[in-house]
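# Remarks on the overall topology
For reference, the chains in residue letters:
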Amino acid sequence: MNNQDRRNQSRCPKCQGPAIADSSYPDGVRCRTSICSHNHKSKTCPRCKSNNPSEVSLKGKSWQFTCSECSMSWNESF
């Protein structure tokens, strides 16, 4: 891959990392960084029902989310 190919690749709107086209994700792209919150916008906070996690991390065999609105943290298995 040359530098011109890299510049033409899609970028994640949240973290500006590399992304690939995928119509099932927000904005039609999926970030290649699995813990980027852009990939998890469909996750709803159990407390305030916001769909905007501020932090996403991987803990063993579950995702840990932190809500950007109320700061609640919760886990979901995968």
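Presented here is an overview of the structure given in this document. Each chain has its residues counted from 1, following the order in which its sequence is written. Only residues with pLDDT of at least 70 are given local features in this predicted model, and only at 80 or more are side-chain atom pairs given and counted; all residues enter the totals for whole chains, interfaces and linings. To get the side-chain values, take all heavy atoms of the structure and skip hydrogens and water.

### Side note on a nonpolar patch on the surface
Surface patches are drawn from residues lacking salt bridges whose relative accessible area is over 30%; two like charges belong together within 9 Å, two nonpolar side chains (Val, Leu, Ile, Met, Phe, Trp, Tyr) within 5 Å. Only the protein chains shown count as covering a residue, and every accessible area follows the Shrake-Rupley method with a 1.4 Å probe. When a carboxyl oxygen of Asp or Glu is within 4 Å of a side-chain nitrogen of Lys or Arg, the pair counts as a salt bridge. A grouping of Ile35, Leu58 and Phe78 is seen on the molecular surface, where their side chains present a nonpolar patch of about 320 Å² in accessible area. Secondary structure elements follow DSSP: runs of H or I of four or more residues count as helices, runs of E of two or more count as strands, with numbering from the N terminus. The residue Ile35 is located in the loop between strand 2 (29-31) and strand 3 (53-59) in this model. Here's how the labels work: a residue is buried when its accessible area is under 20% of the maximum for its type, exposed when over 50%, partly exposed in between, all with a 1.4 Å probe on protein chains only. With relative accessibility at 42%, the residue Ile35 sits in the partly exposed group.

### Details of the sheet that holds strand 5 (residues 73-77)
By this definition, two strands are paired if DSSP reports at least two bridges between them. With antiparallel pairing, 3 strands are arranged side by side in an open sheet as 3-4-5. Bordering the open sheet on either side are strand 3 and strand 5, each of which pairs with just one other strand. Shown here is a sheet whose adjacent strand axes are inclined to one another by a mean of 25 degrees, direction ignored. Across 6 bridges, strand 3 lies against strand 4 (residues 62-67) in antiparallel orientation. The axes used here are C-alpha line fits, helices contributing only the stretch in contact, and every angle between their N-to-C directions lies in the interval 0 to 180 degrees.

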